[in-house]
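# Topology and contacts: notes
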Amino acid sequence: MSGDAAAPSDDLWHQVLAADFVRAAWGPLAGDLAAHPALGSLLGNLAAHAAVYATLAREWDAHLDDPETRGSPASGAPSTGTQAPAPGLPVTSDSPLLAMWRPLFQPWLEVVGTTESPHTGKRWGGDCVLALDIDALLGRIQGLAGHVDGPQRLSEIRHALAAFANSLQDYLVVWRDIMATALGRFRSQLTGSEAVPESLRGFYDLWVDISEEVYAERAVTPEFARSQGRLINAYFNLCKHDRALRQAQDTLSAECEVANAHEWEQAIAELRRYLELIRDTVAAHPDLADAPAAAPDGDQTALEGSHANL
Amino acid sequence: MQTFDTAAVVAELNEFAQDFVRGVQTLGTLDDLESGTAPREVIYTEDKLKLYRYRPATAEGSRVPVLIVYALVNRPTMLDLQPDRSTIRGLLEHGLDVYLIDWGYPDNRDCGLTLNDYINGYLDRCVDAVRTCCGAAAVNILGVCQGGAFSLCYTATHDKVKNLVTMVTPVDFHTPDNMLGHWIRAIDVDQIVDTFGNVPGELLNWVFLMLKPFRLTGQKYVHAVKLLGDPNKARNFVRMEKWILDSPDQAGEAFREFVTAFFQDNGLINDRIQIGQRPVHLRDIRVPVLNVFALHDHLVPSSASRPLARYVGTDDYQELEFSGGHIGIYVSASAQREIAPAIAAWFRARA
């Protein structure tokens, strides 16, 4: 960083916010990486991750003047926990908070989401839940429950889903508070008199240091433990229901197979009875056995063949 | 007023991208990524457990036998990650006769294993195997992390231990800076075990990563980009990553007991642990104890290890502080200089 006083923004914080690193760096690189799609994809993921943080910071900054959130922990002061009104980072399905949260939690959701539906062949724990698309999730489960053991099971799963959705929402609020506090300290550092980094790596490391510092403070509080515990317990409760649902479905499938086998046996017995009837009829009327078939000429061989099979 | 030099940043990002490409190319050429390569032989097996004896690095007559009891979590290859970063090789070079329990990878058939099975069963029979092997009435034990907690329980309830070293071992699970301790108290472990049987190792991995999420899921890899162009550094990095991701599932019942009795009830310091029919009282530990812990340990903070001093019944208690973290205490350059030599000297002084 230089000491050029002719910069358009009034402080380093806003200059950093205004600079679109990802676009500036990605443009020239994209051409070089075109011949290496896999590398391009990897680096693209990193860039996308960086862009999420940049969006988060801009959104947080944009809400600093919001009268409802002014004076909140955004100033960098310690928060009292989940109840404190965090600055205006909305917790919605398109929030950068959720996008930031996704790479952190996706591995966990993939592990605990090993609940592959026998019907859809898809995991129902991952993106669907992260996007808070509970209705879609409910729809799938409702489809299953309709075949299994009815409204009671559906009601339990609906409650489990609601508990999970609520706990996820609460947990994201905790994270919003953490990120807002970290951004506040980061901004204080950049706008204050303290030494600022000399490189982008320096900025990133400072951001990580501050984020870990805030996280370490918050993660040992009872509020954080309670919120995270509720989320994990709610998720495993969903897993438990899903497993029970699948076991019930397997039982139902087995019952279907038994029922089908019984129908087949009945059908075979009926065919046997029909066969015996034909044989008895033929035995009672030997003249019928020698009579020419009453069929068009071209079909005679076919009929003989058909009888032979009997 | 300071200003932001966008052109310099773009140049830095371009350099990063070039490093990235070089690193990926290097990763594609790496070989020799094995860990746990110190020469050894299996001297006892039972179910999925293997008891190894390492080939000595010093004269036969002067060696002091030591049984290493590793945790059920993660793999003991951390103790012998690579030849120049190996606690085990360090102990061998300093005159110890090293034995190691490898608990293996539990599967569904093991979900009913309890702490009684692990401590009064497997561990006790490994101790007997070592006693037979070295012809001694009692053995020296080096317990690591959760394995240290097992070793404390074992030493308090059996009279086959001569000296005990605990390494990054939690004793008081409820200290204020114990992040994992706070979290686990809020977890319904019964639901997890009843649902899954065994607890997925990947789940534990995720929990460990969440102890420092910004560093461990982001910064570590960003910094690695600069290193990966160098094959040796890339090899070191990949070996460590392999170890981190090589996380066995946890036998469900044992996990349930450990979480409930140790983490949630803090039973080790409250006299509320019972392994099988044997109540565990740390005051019953009267053999010499060396408590080794790391000052920057984010998994088992030193505050969780230090209280051992107040609870053991021995008159011969010492501590060894290491200025590093939970992993650095095995693999860092300073650990190679400080830890293995100090442990070996402590054992040899009490041989």
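In the block above lies the structure referred to throughout.
What follows deals with the overall build of chain B. The helix and strand tally for chain B stands at 15 helices and twelve strands. In summary, chain B has a C-alpha radius of gyration of 21 Å against a globular reference of 20 Å for 351 residues, a match within 12%. Dimensions along the principal axes, computed over C-alpha positions, put chain B at roughly 70 × 50 × 45 Å. Here chain B holds 351 residues, and 60% of them are scored as buried. Taking contacts inside chain B between residues at least 6 apart in sequence as the whole, the part at least 24 apart equals 77%. Counting every atom, chain B has about 13400 Å² of accessible surface; 51% of that belongs to carbon and sulfur. Side-chain charges in chain B split into 34 positive and 43 negative, and the spacing between the mean points of these groups amounts to 4 Å.

Once that is clear, we can look at the sheet that holds strand 3 (residues 64–69) of chain B. Residues and elements named next belong to chain B. On the basis of which strands lie adjacent, the open sheet formed by eight strands has the order 1-2-6-3-7-8-11-12 and mixed pairing. Of all the strands in the sheet, the pair left with one neighbour each is strand 1 (40–46) and strand 12 (317–322). Averaged over all pairs of adjacent strands, the angle between strand axes in this sheet comes to 20°, irrespective of strand direction. Pairing geometry for strand 3 and strand 6 (residues 96–102), over six bridges, is parallel. Pairing of L67 across the sheet is with Y99, part of strand 6. Most of the contacts of helix 4 (residues 146–157) go to strand 7 (residues 139–144), to which it runs at about 140°, and overall it touches strand 3, strand 7 and strand 8 (161–167).

Residue and element names in this part refer to chain B. Within the element layout of this structure, E321 appears in strand 12. A relative accessible area of 41% means that E321 is categorised as partly exposed. Expressed as a C-alpha distance, the spacing of E321 and F293, which sit 28 residues apart in the sequence, is 5.4 Å. Discounting chain neighbours no more than four positions away, the residues touching E321 are F293, L295 and R306. A distance of 3.1 Å separates the side chain of E321 from the side chain of R306, its partner in a polar contact.

Residue and element names in this part refer to chain B. One pass over the structure, following the stated rule, counts three cavities of 30 Å³ or more. In this model, the largest cavity occupies a volume close to 70 Å³. As for the largest cavity, its lining consists of E46, D47, K48, L49, W103, Y105, P106, D110, L113, Y118 and Y122. For the lining of the largest cavity, a count of residues per class yields seven nonpolar, no polar and four charged.

Another point: the packing of helix 1 (residues 6–27) of chain B against helix 8 (residues 213–227) of chain B. A pair of packed helices is captured by two measures, namely the crossing angle of their axes and the spacing between those axes. Residues and elements named next belong to chain B. Helix 8 packs onto helix 1 with a crossing angle of 75° between their chain directions and a minimal axis gap of 8 Å. Between helix 1 and helix 8, the angle is such that the two are roughly perpendicular. Counted together, E15, F16, D19 and F20 of helix 1 and V222, V225 and K226 of helix 8 form the full contact between these two elements. Of the residues contributing to the contact of helix 1 with helix 8, the split by class is four nonpolar, no polar and three charged.

Here we take up the pattern of salt bridges. All names here are of chain B. Applying the stated rule across the entire model yields 29 salt bridges over all chains. The partner of R235 in a salt bridge is D31, with the nearest N and O atoms 3.7 Å apart. Placement of the pair is R235 in helix 9 (residues 231–245) and D31 in the loop between helix 1 and strand 1, with a sequence separation of 204 residues. The class of D31 is partly exposed, set by a relative accessible area of 47%. Across the pair D265 and R272 runs a salt bridge, and its minimum N-O distance is 2.9 Å. A residue is classified by how much of its surface remains accessible, and D265, at 28% relative accessible area, is partly exposed.

This next bit is on the environment of Y54 of chain B. Residue and element names in this part refer to chain B. Of note, Y54 is situated in strand 2 (residues 49–54). Between the alpha carbons of Y54 and L100 there is a distance of 8.1 Å; along the sequence they are 46 residues apart. Reaching out from Y54, the side chain makes a polar contact with the side chain of R40 at a distance of 3.1 Å.

Our next topic: the packing of aromatic side chains. Residues and elements named next belong to chain B. Scanning the entire structure with this criterion turns up 20 aromatic pairs over all chains. A centroid spacing of 6.1 Å and a plane angle of 80° characterise the contact between F150 and F258, whose relative ring orientation is edge-to-face. Within this pair, whereas F150 is found in helix 4, its partner F258 is found in helix 10 (residues 252–264), the two being separated by 108 residues in sequence. Comparing F150 with F258 shows no difference in burial state: the two are buried. Centroid distance F258 to F262: 4.5 Å. Interplanar angle 25°. Geometry classified as stacked. In this pair, F258 and F262 both sit in helix 10, four residues apart, roughly one turn of the helix. Under the relative-accessibility criterion, F262 is labelled buried at 0%. Geometry around Y52 places R40 over its ring, the cationic atom sitting 3.6 Å from the centre.

Residue and element names in this part refer to chain B. By the secondary structure assignment, N163 is in strand 8. Judged by its relative accessible area of 2%, N163 falls in the buried class. Within the local environment of N163, its side chain forms a polar contact with the backbone oxygen of R350, the two atoms lying 3.3 Å apart. Those residues in contact with N163, other than ones at most four positions away along the chain, are V139, N140, I141, V287, P288, W346, F347 and R350.

This part covers the nonpolar core. Residues Y215 of chain A together with L67, W103, Y118, W183, F262 and I343 of chain B are the most contacted members of the largest nonpolar core, which totals 153 residues. Ranked by residues supplied to this core, first place goes to helix 7 (residues 150–191) of chain A with 16 residues. Beyond its immediate chain neighbours, meaning those up to four positions away, Y215 of chain A contacts W175, I178 and F224 of chain A together with M179, W183, M210, L211, P213 and F214 of chain B. The next biggest cluster of nonpolar side chains, apart from the first, holds six residues, and it includes A224, L228, A234 and V238 of chain B.

Turning our attention to the pairing of strand 3 of chain B. Residues and elements named next belong to chain B. Where burial is concerned, most of strand 3 is hidden: six out of the six residues are buried. Bridge count between strand 3 and strand 7: four bridges; the pairing is parallel. When the bridges of strand 7 are listed, L67 appears paired with I141.

Each value, and the rule that gives it
- Numbering of residues starts from 1 in every chain and runs along the sequence as written.
- The order in which chains are written sets their letters, starting at A; the order in which ligands are written sets their numbers, starting at 1.
- The predicted nature of this model means local features are confined to residues of pLDDT at least 70 and side-chain atom pairs, given and counted, to a pLDDT of 80 or more, with totals for whole chains, interfaces and linings taken over all residues.
- Hydrogens are left out, water is left out, and the side-chain values use all remaining heavy atoms of the structure.
- Strands here are runs of E lasting at least two residues and helices are runs of H or I lasting at least four, both read from the DSSP assignment and numbered beginning at the N terminus.
- For a compact globule the rule gives 2.2 Å times the number of residues to the power 0.38, and the radius of gyration it is set against comes from C-alpha atoms.
- Categorising residues by exposure relies on relative accessible area from a 1.4 Å probe, with only protein chains included: less than 20% of the type maximum marks a residue as buried, more than 50% marks it as exposed, and the intermediate range marks it as partly exposed.
- A contact between two residues is defined here by any heavy atoms of the two lying within 4.5 Å.
- Each accessible area value is a Shrake-Rupley result obtained with a 1.4 Å probe; residue values ignore everything except the protein chains displayed when judging cover.
- For the purpose of charge, His is not counted, nor are the chain termini; Lys and Arg are scored as positive and Asp and Glu as negative.
- A charge is said to be at NZ when it belongs to Lys, at CZ for Arg, at CG for Asp and at CD for Glu.
- In short, DSSP must find at least two bridges between two strands for them to pair.
- Here the axes come from fitting lines to C-alpha atoms, over the contacting stretch only for helices, and the angles between their N-to-C directions go from 0 to 180 degrees.
- Polar contacts, as counted here, are pairs of nitrogen or oxygen atoms within 3.5 Å of one another; within protein the pair requires one atom able to donate a hydrogen and one able to accept it, and residues that are adjacent in sequence qualify only if both atoms are side-chain atoms.
- With a 1 Å grid laid over protein atoms only, a set of points is called a cavity when a 1.4 Å probe fits there but cannot get out and a pocket when it is open yet has protein on both sides within 12 Å along at least five of seven lines; lining residues have an atom within 4 Å of a point.
- Grid points are joined across faces, edges and corners, and a volume is the space filled by probe spheres set on the points.
- Polar here means any residue other than Ala, Val, Leu, Ile, Met, Phe, Trp, Tyr, Cys and Pro, which are nonpolar, and Asp, Glu, Lys and Arg, which are charged; Gly is therefore polar.
- Here the angle decides the label: under 35 degrees means roughly parallel, over 145 means roughly antiparallel, 65 to 115 means roughly perpendicular, and every other value means oblique.
- Any carboxyl oxygen of Asp or Glu within 4 Å of a side-chain nitrogen of Lys or Arg constitutes a salt bridge here.
- Only the six-membered ring of Trp is used, alongside the rings of Phe and Tyr, when aromatic pairs are assigned; centres must lie within 6.5 Å, and planes under 30 degrees apart are stacked while those over 60 apart are edge-to-face, with the rest tilted.
- Ring-over charges, as used throughout, are those where CZ of Arg or NZ of Lys falls within 6 Å of the ring centre and within 35 degrees of the ring normal.
- Here the nonpolar core consists of buried residues drawn from Ala, Val, Leu, Ile, Met, Phe, Trp, Tyr and Cys, with membership extended through side-chain atoms lying within 4.5 Å.

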